[in-house]
Amino acid sequence: CDDAGPVLHGVVSGLPAWLAVHAKLCAGQEGWDDTTRVACAFAAIRTATSLTRLPPLEAALAAPLEALMRPACLLVQQLETAYEQAVIRTDDGGASEEEGGVGQLVTQLMELLQAMLLRPKLRTLLKTRVKSLLQLLVPFMRITEAQAKAWRADPNEFLAHEEDDFVRGCAIRLSGESLIGELLGHLRRESGRALATLTADLLNRAAGNAANEWKLVEVALFIFGNVAGEVQPKSLQRGEFAELVPVALEVACRLCAESSTPEFLRARAFAVLRRLGDVVCIHAKGDLPTLLKACASAIAPGEPLVVRVCACRSFCRFLTACDDSSLKESLLLEHGVLASLGALMQAADEELLHLTLESLCLIVKQCPGAMVSVEASLAALILEIWRRCAADPMVHLQVLDLVSCATGSDARLQQSLEERLLPAVTVDLQPGVDLHLTSSAVELYGVLIKRTSIPFGPQVWACAELLMAAVMRCTESGLLQNACEVLCSLIRRSPTQLSGQLEALLRCMERLLGHDLDDDACLYVGPLASLVLGQYGSLIPVQLTMGLLQALVTRLARAERPYLQQELVVVFARLLHQDQANVLIALAGMQVPCSFGGVAARSGLELLMSTWLSSAKEIRAKKARTITVSALCRLHERCREDANLRDMLINGHALQDQLLTTIVAGLEFENERCQKLKDSECLDCVESDDADDDEEDCEDEFGEGGGRGFGKLLSELVDLDDDDLSDVSGDEGGTAQEPDDPLLKLDLQATVAQYLASDCVVASMPPELAPRAAAAVKETTRGLP
């Protein structure tokens with residue numbers, strides 16, 4: 001506004017007197033009790049913080065703000081002794097962090113300092129005073145007795161604080177952590193030296209490990225872990241922290257190894273070592289065996305829960321860094337890590353159960369030989385967790401990951417898990433069992449069959465028959481989706497064995513296409529039907545094929561989900577490849593009820609072509625494109641000899657021209673895809689050539705391992721099919737007998753280009769489409785070898 005200048009001038013001129021009053025509030029008066037002093041100082045500092053955040057007042061605030069800071073810091077210094085006695089060493093029930101408490105005052109002072117650091121002219125007030133400020137404020141960051149009590153009662157609160165997911169009762173510590181970050185960001189050199197000196201002094205107190213000193217040592221490790229965790233490991237070998245790093249790591253390792261260490265100090269030591277895992281591997285590689293043994297001892301059931309959990313995390317972190325396989329197995333078996341982990345899992349609540357399952361999964365990968373020696377206990381433990389957490393989908397997913405990891409690590413584990421888990425699967429697949437349990441059993445069965453021996457044994461085969469029976473009687477969508485995926489896996493693993501159950505498979509497909517199921521329930525029937533037709537098409541009698549065709553058309557008419565429509569189109573395309581003449585005749589003679597288009601019914605062929613042409617551009621999976629676009633070429637070729645097909649109107653336009661337009665679009669997309677793949681391969685070659693030159697830069701930016709290979713672009717996933725995505729984590733193992741499908745061997749780009757370049761097609765090409773078709777064919781010819 002026009003009078004902003006005079007108003008600002010008036011505010012600025014009044015600031016010294018205004019802040020002088022606030023400085024006196026911080027200084028207090030003789031006779032005030034501590035509660036009054038804290039309340040007045042808190043109000044003054046909060047006001048000063050608000051003023052500091054206003055850029056126009058920055059220049060005018062320097063002198064009066066310095067006058068306010070002196071009594072504020074002096075008051076905090078005077079309160080430290082009483083705070084230590086009443087809060088750090090005694091459980092005050094969290095009163096210090098409530099309104100009017102000392103905790104709020106210290107937190108507000110930290111916020112004022114952070115606000116000052118953001119203003120260059122106010123930042124100068126803090127230069128040369130960083131060390132004094134840290135010495136004043138860091139002792140307030142210690143664990144309070146109220147926090148320790150709460151964490152003992154619920155270790156998840158301690159762990160949540162470590163992960164920054166949820167915090168309660170840690171305001172001073174969090175504000176202190178933020179203040180240290182701002183100090184390093186704006187006054188790095190001075191702050192780095194001050195932090196290194198202060199941390200070293202506090203860690204020296206760990207030598208005696210006196211009962212009254214451990215909380216200072218813990219906060220020193222907390223600060224060291226946060227600061228060092230933000231620095232690249234190689235960078236810690238130089239600079240302000242170079243001398244501190246080996247001292248801090250030695251102190252942390254010693255505290256981990258001593259069972260007499262206070263529980264939260266020991267937990268902090270484990271947590272810091274885990275967070276600085278790369279630093280430990282560089283600076284203290286030789287100490288890894290001792291550290292792993294300390295972790296193994298600390299996981300034992302007799303230790304406090306927070307110590308066990310932090311030790312478990314550290315154990316898993318450094319187990320991957322240990323190259324001595326005999327030591328690994330000794331730790332797991334002789335030092336009792338597996339037994340301790342099993343005990344932890346049995347007593348764990350939901351949060352800790354996730355951690356222990358992740359840990360066990362990593363241990364299985366690292367030491368499959370040791371797991372074989374306890375395979376019976378492992379299977380029993382997995383089954384117990386599976387049963388106990390039946391209602392927790394996240395735990396079930398982790399159990400499935402663990403089973404998959406175990407079966408892929410050693411064939412003996414696969415056999416053991418089959419023997420002990422398949423009976424439970426058999427029970428849950430029986431009629432009358434809760435549908436949620438049955439659906440979970442289907443998922444577990446699907447994981448077990450991925451690596452089971454071929455041909456399937458009696459127990460595996462019995463579950464396959466129970467699975468098909470469950471499909472016939474159930475309507476629950478999740479169960480049927482899982483069942484479709486497992487049936488596909490069964491066919492891929494042992495197609496010859498499944499051929500004996502062809503009639504049962506066809507009944508399952510008919511059931512999955514049934515009118516009483518919604519789109520969710522039959523969402524994956526398309527891939528199953530395509531697989532069955534691709535593998536067993538020649539074995540299916542004509543009458544059964546026609547029955548399947550009727551069911552597919554009826555389902556297509558009711559389908560609302562685009563994915564389901566597209567997958568059904570792929571099935572029709574495959575049928576047209578197998579028996580085009582009879583399928584077209586059958587479709588033309590079928591009348592399907594419709595709820596759109598203003599007609600009561602349409603022919604099956606009209607419905608199919610309308611859906612197909614409208615969704616063709618959305619069909620992007622490689623196998624699906626190959627099958628559907630090549631089928632469109634054959635349909636267009638038939639139009640030349642079938643007048644009824646040629647003159648059919650789909651959405652008001654002639655079918656023949658729409659087919660050709662869709663085929664050309666398909667070739668254009670294929671050309672674009674192939675070009676992107678070539679460009680990607682060239683880029684990979686360039687990156688490979690430059691890898692050595694860039695390795696150090698990548699490590700500095702991304703940490704160990706560099707920034708290469710972070711993942712594919714979304715557009716590059718166009719060649720992944722549904723079955724590729726489901727197995728993207730690794731090889732299924734076993735001996736898969738993939739169907740020998742000639743359709744999938746087609747070179748779609750060459751096939752379509754050759755068809756469009758044929759004389760008969762060129763002669764009948766609509767004028768408006770001819771340039772696009774010629775350009776697409778030319779592009780293909782240029783790109784082919």
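To be clear, the structure that these remarks concern was listed above.
Residues numbered from 1 in each chain as written. Predicted model: local features only at pLDDT ≥ 70, side-chain atom pairs only at ≥ 80, totals over all residues. Heavy atoms only, no water.

Some points on the overall build of the protein
Convention followed: The secondary structure listing takes helices from DSSP runs of H or I that are at least 4 residues long and strands from runs of E that are at least 2 residues long, numbered from the N terminus. In this scheme, a residue with accessible area under 20% of its type's maximum is buried, one over 50% is exposed, and one in between is partly exposed, where area comes from a 1.4 Å probe on protein chains only. Only heavy atoms enter the contact rule, under which two residues are in contact if any of them lie within 4.5 Å. Surface accessibility follows the Shrake-Rupley procedure with a 1.4 Å probe radius. Residue values consider only the protein chains on display as shielding.
When helices and strands are tallied, the protein shows 40 helices and 4 strands. Within the protein, the proportion of its 785 residues that are buried is 51%. Long-range pairs, those at least 24 residues apart, make up 75% of the contacts in the protein between residues at least 6 apart in sequence. Carbon and sulfur atoms form 53% of the exposed surface of the protein, whose accessible area is close to 35,200 Å².

Re the state of the cysteines
Counted only if it meets this: By disulfide we mean two sulfur atoms from cysteines, separated by a distance within 2.5 Å.
Counting across every chain of the model gives 0 disulfides. Here Cys-40 is not disulfide-linked; the sulfur of Cys-26 is the nearest cysteine sulfur, at 9.1 Å. Cysteine Cys-484 shares no disulfide, and the gap to the nearest cysteine sulfur, in Cys-488, comes to 6.7 Å.

Describing the environment of Ala-82
As for its position among the elements, Ala-82 is in helix H3 (residues 58–88). Residues Ala-82 and Asp-34 lie 48 residues apart in sequence; the distance between their C-alpha atoms is 10.0 Å.

A word on helix H30 (residues 542–558)
Convention followed: Each helix should span, by expectation, one fewer than its residue count multiplied by 1.5 Å.
Here H30 spans 25 Å end to end across 17 residues, near enough to the 24 Å set by a 1.5 Å rise per residue. Of all the positions in H30, only Thr-545, Leu-548, Leu-549, Ala-551, Leu-552, Val-553, Arg-555, Leu-556 and Ala-557 are classed as buried.

Notes on unusual backbone geometry
Residue Pro-455 follows Ile-454 across a cis peptide bond; omega there is 0°. Residue placement: Pro-455 occurs in the loop between helix H24 (435–449) and helix H25 (458–473). With a phi close to 70°, Thr-128 is a non-glycine residue in the positive phi region. With respect to the secondary-structure elements, Thr-128 resides in the loop between helix H5 (120–123) and helix H6 (130–137). When its relative accessible area of 69% is taken as the criterion, Thr-128 is described as exposed.

Digging into the side chain of Gln-414
As a reminder, the rule being used: Counting of polar contacts relies on pairs of N or O atoms within 3.5 Å, with two restrictions inside protein: one atom must be capable of donating a hydrogen and the other of accepting it, and residues adjacent in sequence are counted only when both atoms are side-chain atoms.
Along the chain, Gln-414 turns up in helix H23 (residues 411–428). Since its relative accessible area comes to 5%, Gln-414 is described here as buried. A polar atom in the side chain of Gln-414 sits 2.4 Å from the side chain of Glu-418. A distance of 3.0 Å separates the side chain of Gln-414 from the backbone oxygen of Leu-448, its partner in a polar contact. If we skip the residues at most four places from it in the chain, Gln-414 touches Thr-407, Leu-448, Arg-451 and Thr-452.

Let's talk about the nonpolar core
Nonpolar side chains in soluble globular proteins generally cluster together in the buried interior. Applicable threshold: As used here, the term nonpolar core means buried Ala, Val, Leu, Ile, Met, Phe, Trp, Tyr and Cys residues forming a set that is joined through side-chain atoms within 4.5 Å.
By size, the foremost hydrophobic cluster in this structure holds 265 residues, and its most contacted members are Phe-315, Tyr-445, Leu-490, Met-609, Trp-612 and Leu-756. Ignoring any residue separated from it by four or fewer positions in sequence, one finds Phe-315 in contact with Leu-292, Cys-295, Ala-296, Ile-299, Leu-331, Leu-332, Val-337 and Ile-363.

Describing the packing of H23 against H24
The condition that has to hold: Every axis corresponds to a line fitted to the C-alpha atoms, with the helix fit spanning only the stretch in contact, and the corresponding angles, defined between N-to-C directions, vary from 0 to 180 degrees. Each angle gets one of four labels, with under 35 degrees taken as roughly parallel, over 145 as roughly antiparallel, 65 to 115 as roughly perpendicular, and the rest as oblique. Two helices that cross are described as forming a left-handed crossing if the nearer one is turned anticlockwise from the farther one by less than a right angle, and a right-handed crossing if clockwise. Side-chain classes follow a simple rule in which Ala, Val, Leu, Ile, Met, Phe, Trp, Tyr, Cys and Pro form the nonpolar group, Asp, Glu, Lys and Arg form the charged group, and the remainder, Gly included, forms the polar group.
At a minimum axis distance of 9 Å, the contact between H23 and H24 shows a crossing angle of 155°. Judged on the interaxial angle alone, H24 and H23 are roughly antiparallel. For the crossing formed where H23 meets H24, the hand is left-handed. Facing H23, whose interface residues are Gln-414, Leu-417, Glu-418, Leu-421, Leu-422, Val-425 and Asp-428, H24 presents Leu-437, Thr-438, Ala-441, Leu-444, Tyr-445 and Leu-448. Grouping the constituent residues of the contact of H23 with H24 by class yields 9 nonpolar, 2 polar and 2 charged.

Quick look at the packing of aromatic side chains
The test is simple: Any pair of Phe, Tyr and Trp rings, taking the six-membered ring for Trp, is counted once the centres come within 6.5 Å. Such a pair is stacked with planes under 30 degrees apart, edge-to-face with planes over 60 apart, and tilted for the rest. Lysine and arginine charges are scored as sitting over a ring when NZ or CZ, respectively, is within 6 Å of the ring centre and within 35 degrees of the ring normal.
Here the structure, examined in full by the defined rule, presents 3 aromatic pairs. With 5.0 Å between their ring centres and 45° between their planes, Tyr-83 and Phe-140 make a pair best called tilted. You can see Tyr-83 sitting in helix H3 and its partner Phe-140 sitting in the loop between H6 and helix H7 (145–153), a full 57 residues away along the chain. Taking the relative accessible area as the measure of exposure, Phe-140 reaches 1% and is therefore buried. If you follow Arg-173 out to its NZ or CZ, it ends over the ring of Phe-222, 4.4 Å from the centre. A cation over a ring is seen here: Arg-620 above Phe-669, with NZ or CZ 3.8 Å from the ring centre.

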